[in-house]
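Listed below, chain by chain, are the residues.
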Amino acid sequence: MKLTIGFSPCPNDTFIFDALVNRKIETGGIEFEPVLEDVETLNQWALQGKLDITKLSFPAFFQSPDKYVLLNAGSALGKGVGPLLISRHPHSIPHPASSNPHPASSIALPGINTTANLLFSFAYPEAKNKEFMIFSAIEDAVLSGQTDLGIIIHENRFTYQQRGLHKVVDLGEYWEQKMQVPIPLGGIVIKRSLDLSTAITVDKLIRKSLDHAFANYPLITNYVKQHSQSMSEDVMRQHIDLYVNDYSLDLGTSGKSAIETLYGVFLSTGSYTRYTGELFL
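Residues numbered from 1 in each chain as written. Predicted model: local features only at pLDDT ≥ 70, side-chain atom pairs only at ≥ 80, totals over all residues. Heavy atoms only, no water.

Enquirer: Hey, could you go over the overall build of the protein for me, with residue numbers and the actual values?
Expert: A count of helical and extended segments in the protein gives twelve helices and eleven strands. For the protein, the C-alpha radius of gyration of 18 Å lies close to 19 Å, the compact-globule estimate for 281 residues. Taken along the three principal axes of its C-alpha coordinates, the protein extends 55 × 45 × 30 Å. Summing over all exposed atoms, the protein offers an accessible surface of approximately 11,700 Å²; the carbon and sulfur share of this is 49%. Between the mean site of the 23 positive side-chain charges and the mean site of the 29 negative ones, the protein shows a separation of 2 Å. (Helix = DSSP H or I, 4+ residues; strand = E, 2+ residues; numbered from the N terminus. Rg over C-alpha atoms; globule rule 2.2 N^0.38 Å. Areas by Shrake-Rupley, 256 points an atom, 1.4 Å probe, with all protein chains shown as cover. Lys, Arg positive; Asp, Glu negative; His and termini not counted. Charge placed at Lys NZ, Arg CZ, Asp CG, Glu CD.)

Now the structure itself:
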């Protein structure tokens, strides 16, 4: 059996899936065809049901639960892992849940279906002047004045200060304070059209792939390096340490509860119908 599997080139994803896609573990006759793309591209593809297995932002999953079911292994959840609102200049802006982060502010975000967009809307429900772009372009958009503010994710959390940018609000911190649950960022889903035994096997293999990665950590493999461009190994490890944790091994009760909480917030943002089936494998 051959299955397509989509994930981002970021160190947390390549760290998790390296052993799986590069046959460093026994996969029981399943061949995985990796497709590496920006998370918002993966989100759009998930809405189309393009890949068999895919990483995606939770808002994209909440729009496609009839196509995909969420696996227990591989997700990105945690505390202190949320997106940051940044600016060129150090200044204070109104507290979250006020009318707008700054008068007439334009905000660069990494995709309409990202958890970053949902968390920003949760904190600033009246902010409308949004510009969506690939996450890696957001710092430059803010530095050049193309936008007043930006929402950064992934490795930019560790590098924005080196470029003279300033944190305005930690949107994940605000979520944690208000909701008292971890921040669900992204999950790994598999098509419902595949049989249950295949889904269970894939879930176990992802867990096995991550166990293999942890057993060899802090080694950074060539697979992780080749997709990390000019990122230093130190930043790669910071990235992995922040986004890969016990929830990545297994969502558990608290992880599933956090996702259900985020789902409720998502449903309140538009005319969506709650999925009546089971979200989780």
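Now, onward.
Enquirer: Give me the lowdown on the packing of aromatic side chains, citing residues and values where you can.
Expert: Overall, the coordinates contain eleven aromatic pairs when judged by the stated rule. Seen in terms of ring centroids, phenylalanine 7 and phenylalanine 17 are 4.7 Å apart; in terms of plane orientation they differ by 20°. Their pairing is stacked. You can see phenylalanine 7 sitting in strand β1 (residues 2-7) and its partner phenylalanine 17 sitting in helix α1 (residues 11-21), a full ten residues away along the chain. Of the two residues examined, phenylalanine 7 and phenylalanine 17, each falls in the buried class. (Phe/Tyr/Trp six-rings, centres within 6.5 Å; stacked < 30°, edge-to-face > 60°. Buried < 20%, exposed > 50% of the residue type's maximum accessible area, 1.4 Å probe, protein only.)

Enquirer: Give me the pairing of strand β9 (residues 149-152): which residues, what numbers.
Expert: Remember that side chains alternate between the two faces of the sheet whenever the strand is regular. Burial along β9 is two-sided: the residues Leu149 and Ile151 and Gly150 and Ile152 are all buried. Pairing analysis gives four bridges linking strand β6 (residues 84-87) to β9, with the strands arranged antiparallel. Bridging across to β9, leucine 85 finds its partner in isoleucine 151. Here strand β7 (residues 107-109) pairs with β9 via two bridges, running parallel. (Pairing = 2+ DSSP bridges.)

Enquirer: With reference to specific residues and values, describe the pattern of salt bridges.
Expert: On inspection of all chains with the given rule, the structure shows ten salt bridges. With a closest N to O distance of 3.8 Å, lysine 2 and glutamate 33 form a salt bridge. Residue lysine 2 is found in strand β1, and its partner glutamate 33 is found in strand β2 (residues 31-36); the two are separated by 31 residues along the sequence. When the shortest N-O distance is used, the salt bridge between lysine 24 and aspartate 18 registers 2.8 Å. Residues participating in the shared-partner salt-bridge network are Glu139, Asp140 and Arg163. (Salt bridge = Lys/Arg side-chain N within 4 Å of Asp/Glu carboxyl O.)

Enquirer: Describe in detail the sheet that holds strand β10 (residues 166-170), supporting the description with residues and values.
Expert: Each strand in a sheet pairs with its neighbour through backbone hydrogen bonds, running either in the same direction (parallel) or in the opposite one (antiparallel). Strand order across the open sheet formed by five strands is β8-β7-β9-β6-β10, with mixed pairing between neighbours. Two strands close off the open sheet at either side, each with one partner strand: β8 (130-132) and β10. Geometrically, the sheet is characterised by an average inter-axis angle of 30° between neighbouring strands, direction not taken into account. Packing against the sheet, helix α7 (residues 171-179) makes contact with β9 and β10, and its axis sits at approximately 20° to β10. (Axes fitted to C-alpha atoms, helices over the stretch in contact; angles between N-to-C directions. Contact = heavy atoms within 4.5 Å.)

Enquirer: Requested: an account of unusual backbone geometry, with residues and values cited.
Expert: Cis geometry marks the peptide bond from tyrosine 217 to proline 218; its omega dihedral reads 20°. Counting through the fold element by element, proline 218 comes out in the loop between α8 (196-216) and α9 (222-226). In the Ramachandran plot, glutamine 180 falls in the positive-phi region, its phi being about 60° despite a non-glycine side chain. In this fold, glutamine 180 is placed in the loop between α7 and β11 (183-191).

Enquirer: Can you explain helix α10 (residues 233-243)? Please cite residues and give values.
Expert: Within an α-helix, residues lying three or four positions from one another point in the same direction, as the helix has 3.6 residues per turn. Every buried residue of α10 is accounted for by Val235, Met236, His239, Ile240, Leu242 and Tyr243. Considered in projection along α10, the buried side chains sweep an arc of 165° and stay on one side of the axis. Considering only its buried residues, α10 is in contact with α1, β5 (76-78), α6 (156-159), β11, α9 and α11 (246-249). (Arc of directions from axis to C-beta.)

Enquirer: Mind laying out the packing of helix α4 (residues 115-123) against helix α12 (residues 252-267), listing which residues take part and the relevant values?
Expert: Two elements in contact, α4 and α12, have axes whose closest approach is 11 Å; the angle formed by their N-to-C orientations is 70°. One element, α4, and the other, α12, form an angle in the roughly perpendicular class. Every pair of crossing elements has a handedness; the one defined by α4 and α12 is left-handed. On α12, the residues that touch Thr115, Leu118, Leu119 and Phe122 of α4 are Leu262, Val265 and Phe266. A class-by-class count of the residues in the contact of α4 with α12 yields six nonpolar, one polar and no charged. (Parallel < 35°, antiparallel > 145°, perpendicular 65-115°, else oblique. Left-handed = near helix turned anticlockwise from the far one by under 90°. Nonpolar A, V, L, I, M, F, W, Y, C, P; charged D, E, K, R; others polar.)

Enquirer: Account for the side chain of arginine 157, with residues named and values stated.
Expert: Its location among the elements puts arginine 157 in helix α6. Among buried charged residues, arginine 157 stands out as having no salt bridge; its nearest opposite-charge side chain is aspartate 170, 4.4 Å away. Within the structure, the side chain of arginine 157 is placed 3.3 Å from the backbone oxygen of glycine 80, a separation counted as a polar contact. Sequence-distant contacts of arginine 157, defined by excluding residues within four places in its chain, comprise Gly80, Val81, Gly82, Leu84, Ile152, Asp170, Leu242 and Tyr243. (Polar contact = N/O pair within 3.5 Å; in protein donor to acceptor, adjacent residues only side chain to side chain.)

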